[in-house]
Amino acid sequence: MKLEASAIGFGFGRGVPILDGINLAIESGRILGLTGKSGRGKSTLGKILARHLLPTKGRVLIDGAAPASSGFNPVQLIHQTAIFAVNPRWKIGRIVSEANPPDEMLMLALGVRRQWLDRYPHELSGGELQRVALLRSLTPGTRFLIADEITSMLDPIAQSEIWLALLEISARRDIGILAISHDLALLDRVAVQTVTL
Amino acid sequence: MTVVVEKPPQTPSLDRANPALVATGIAVLLLAAVLLAAWLLGSSGLASDFQARLQPPSWQHLFGTDMFGRDVLARTIKGLALSLRVGFLAAGISVVIATCLAIVSASGSRLADSLVSLFIDMTMGLPHLVLLILISFALGGGTTAVVIAVAVTHWPRLTRILRAEILQLRNAEYVIVSRNFGKSRWFIARHHILPHLVPQMIVGFVLLFPHAILHEAGLTFLGFGLEPGEPAIGILLSESMRYLLAGKWWLGLFPGLLLVVAVLCFDIIGNGLRVLTDPKAGRP
């Protein structure tokens, strides 16, 4: 499968567009790096690819066709700060089951512990919550993952554990990943190619 | 150099007692007393006794008697029970109207949003009491008319708060994630949005409650509310006006005082709850 950004443009109001004529392609089972200075629109592009935002120009295509505008999206987005991406009134068990019941193997691979399931998001650390957000996003239907600075706020050990797990999952389940980061050393290690915006 | 910081001793003090907790205690006691007494009294105590007309407070009649020899305490309790019932109903209906309109406004089309906003501005732009009198008068007075009049004039402020809350929640990351999982609008409204609105709705209800009681008393006092025969606080106050100059102070003082205590308690509880649900509101 191939996720494509075709001549994507985006701007707020009538100001200078943040993105203009961006073309990008992510293939299944491969990790593409995306870097660039702050304010260049990396996260905005990630949001557009994951249908969190609509582009003002251009199209997002999956295997050459426009994906449905509603229903389950095979492109899932993971944020830098997972706490904003989870309902603060839901327990972790409910959060990870929102799309599908979590896979035991995946739980193990991501290091999500059973005892976390009965806790609320504020009772977990940033790294633990990021693992929870990843587990929630990696449903059987997920084909692409937009990982927007997912480990930039974590310690090096947690960062390494999460990326090792993601590399394994991406290869095993044929999931394409767009790794957005300022950390070029990290992108060198995980991505097959890095694009600078 | 070692700096020793001594912790002040934690002695119980009334200053530290949360006013909302004290108000809740008084309100619960008042509610229990009023409802129990109203139930126990039945229609006894409301009977006329022309032998005992306009008697000042005594051990036999703690709040004195009125111009027909009726016990003012019994009538005040009955009146307060009626006021609480009216307040409960009116505030409840107001919260339902506010919630429905906020959902329509924030989740519907731009036209629906504009219409609801216009409706809010119109209702808030009109003088409050005039609207209340007009609606109550048009509906022919009585308990139902007062409940409807208070309910249909008190939803705008809460609608605005709930609308803003829904608009904020609609763009929350976890709602967008849920939408990306293909969850329906109904699922998102029920599981992600509504639970966040409940605290606002409860606070809105508790704050509307004393307001509704005051309006019921005000409307009745002006003669546009409940029937003159009913033992409502507004009627008691209205009747007492004619006797105040004659020195019969107990006719107005006690019902008025109990009304103020009830209203004040619920107002403090409402504000306490508001601070609890929005910690920023409590900071100076």
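Bear in mind the structure is a predicted one, so any value in this text is a computation, not a measurement. (Residues numbered from 1 in each chain as written. Chains lettered and ligands numbered in written order. Predicted model: local features only at pLDDT ≥ 70, side-chain atom pairs only at ≥ 80, totals over all residues.)

Caption draft 1: Quick peek at the overall build of chain B. Broken down by element type, chain B carries ten helices and zero strands. Counting only residues that meet the buried cut, chain B has 37% of its 284 residues in that class. (Helix = DSSP H or I, 4+ residues; strand = E, 2+ residues; numbered from the N terminus. Buried ≥ 20, exposed ≤ 12 C-beta atoms within 10 Å, placed from the backbone.)

Caption draft 2: Representation of the sheet that holds strand β2 (residues 19–27) of chain A. Residues and elements named next belong to chain A. Taken together, the three strands give an open sheet; going across it, the order is β2-β1-β4, and neighbouring strands pair in antiparallel fashion. Whereas interior strands pair on both sides, the edge strands pair on one side only; in this sheet they are β2 and β4 (57–62). Across the sheet, the axes of successive neighbouring strands diverge by a mean angle of 10°, strand direction being ignored. The pairing of strand β1 (residues 2–10) with β4 spans five bridges and is antiparallel. Its bridge partner being in β4, Glu4 is matched across the sheet by Leu61. (Pairing = 2+ DSSP bridges. Axes fitted to C-alpha atoms, helices over the stretch in contact; angles between N-to-C directions.)

Caption draft 3: Highlighting the environment of Ile18 of chain A. Residues and elements named next belong to chain A. Looking at the secondary structure, you find Ile18 in the loop between β1 and β2. Separated by 64 residues in the primary sequence, Ile18 and Ala82 place their C-alpha atoms 25 Å from one another. Once residues within four sequence positions are removed from consideration, Ile18 is found in contact with Phe10, Gly11, Gly41 and Thr44. (Contact = placed C-beta atoms within 7 Å.)

Caption draft 4: Fine view of unusual backbone geometry. Residues and elements named next belong to chain A. Backbone geometry at Asp63 places phi at a positive 55°, although glycine is not the residue there. Secondary-structure assignment places Asp63 in the loop between β4 and β5 (75–78). For Glu149, which is not glycine, the phi torsion reads 50° and is therefore positive. Tracing the backbone shows Glu149 in the loop between β6 (144–148) and α5 (156–173).

Caption draft 5: Region of interest: the sheet that holds β5 of chain A. All names here are of chain A. In space, the five strands of this open sheet follow the order β5-β6-β7-β3-β8, with parallel pairing throughout. The two strands at the open ends of the sheet, each matched to only one other strand, are β5 and β8 (193–196). Taking the axes of each pair of neighbouring strands and ignoring which way they run, one obtains an average angle of 20° across the sheet. Contacts from helix α1 (residues 42–49) reach β3 (31–35), β5, β6 and β7 (176–180) within the one sheet, and its direction differs from that of β7 by about 155°.

Caption draft 6: Highlighting the environment of Asp103 of chain A. By the element assignment, Asp103 of chain A lies in the loop between α2 (92–96) and α3 (104–110). Sequence spacing of Asp103 of chain A and Leu138 of chain A is 35 residues, and the spatial spacing of their C-alpha atoms is 9.1 Å.

Caption draft 7: Expanded view of the interface of chain B and chain A. Every contact between the two is made by ten residues of chain B and, on the other side, 15 residues of chain A. Among the secondary structure elements, those contributing two or more residues to the side of chain B that touches chain A are α7 (173–180) and α8 (185–222) of chain B. Looking at the side of chain B that touches chain A, the element that brings in the most residues is α7 of chain B, giving six residues. Classifying every residue of the side of chain B that touches chain A gives five nonpolar, four polar and one charged. (Nonpolar A, V, L, I, M, F, W, Y, C, P; charged D, E, K, R; others polar.)

Caption draft 8: Local environment of the nonpolar core. Residue and element names in this part refer to chain B. In terms of nonpolar packing, the biggest core is built from 65 residues, with Leu80, Val150, Val206, Phe209, Ala212 and Ile269 touching the most fellow members. Listed by contribution, the elements that provide at least two residues to this core are α1 (19–41), α2 (72–107), α3 (110–125), α5 (142–151), α6 (156–170), α8, α9 (233–244) and α10 (250–277). In terms of residue count, α2 provides more of this core than any other element does, 17 residues in total. If we skip the residues at most four places from it in the chain, Val150 touches Ala90, Leu132, Ala212, His215 and Glu216. (Core = buried A, V, L, I, M, F, W, Y, C linked by C-beta atoms within 7 Å.)

Caption draft 9: Region of the structure containing the packing of helix α4 (residues 128–138) of chain B against α8 of chain B. Residue and element names in this part refer to chain B. Orientation of α4 relative to α8, taken along the N-to-C sense of each, is 65°, at an axis distance of 11 Å. In terms of orientation, α4 and α8 fall into the roughly perpendicular class. Of the two possible hands of crossing, α4 and α8 adopt the one that is right-handed. Across from Leu132, Ile133 and Ser136 in α4, the residues of α8 making contact are His215, Leu219 and Leu222. Residues belonging to the contact of α4 with α8 are distributed by class as follows: four nonpolar, two polar and no charged. (Parallel < 35°, antiparallel > 145°, perpendicular 65-115°, else oblique. Left-handed = near helix turned anticlockwise from the far one by under 90°.)

Caption draft 10: Representation of α2 of chain B. Between the first and last C-alpha of α2 of chain B there are 51 Å, a value that for 36 residues agrees with the 52 Å anticipated at 1.5 Å per step. A large share of α2 of chain B lies buried, amounting to 26 of its 36 residues. (Expected span 1.5 Å × (residues − 1).)

Caption draft 11: Summary view of the environment of Ala217 of chain B. Residue and element names in this part refer to chain B. Take Ala217: it is sitting in helix α8. Separated by 128 residues in sequence, Ala217 and Leu89 have C-alpha atoms that sit 15 Å apart. Filtering out sequence-adjacent residues up to four positions away, Ala217 remains in contact with Ser83, Ile233, Gly234, Leu237 and Leu259.

Caption draft 12: A look at the confidence of the model for chain B. Residue and element names in this part refer to chain B. Here chain B averages 80 in pLDDT, and 87% of its residues register 70 or above. Confidence, read as mean pLDDT per element, is least for α1 in chain B (76) and greatest for α7 (94). Here residues 10–14 is a poorly scored stretch, pLDDT under 50, and it has zero contacts once near neighbours within four places are set aside; other chains count. Reported confidence for the predicted complex is 0.92 by ipTM and 0.74 by pTM. (pLDDT = per-residue confidence, 0-100.)

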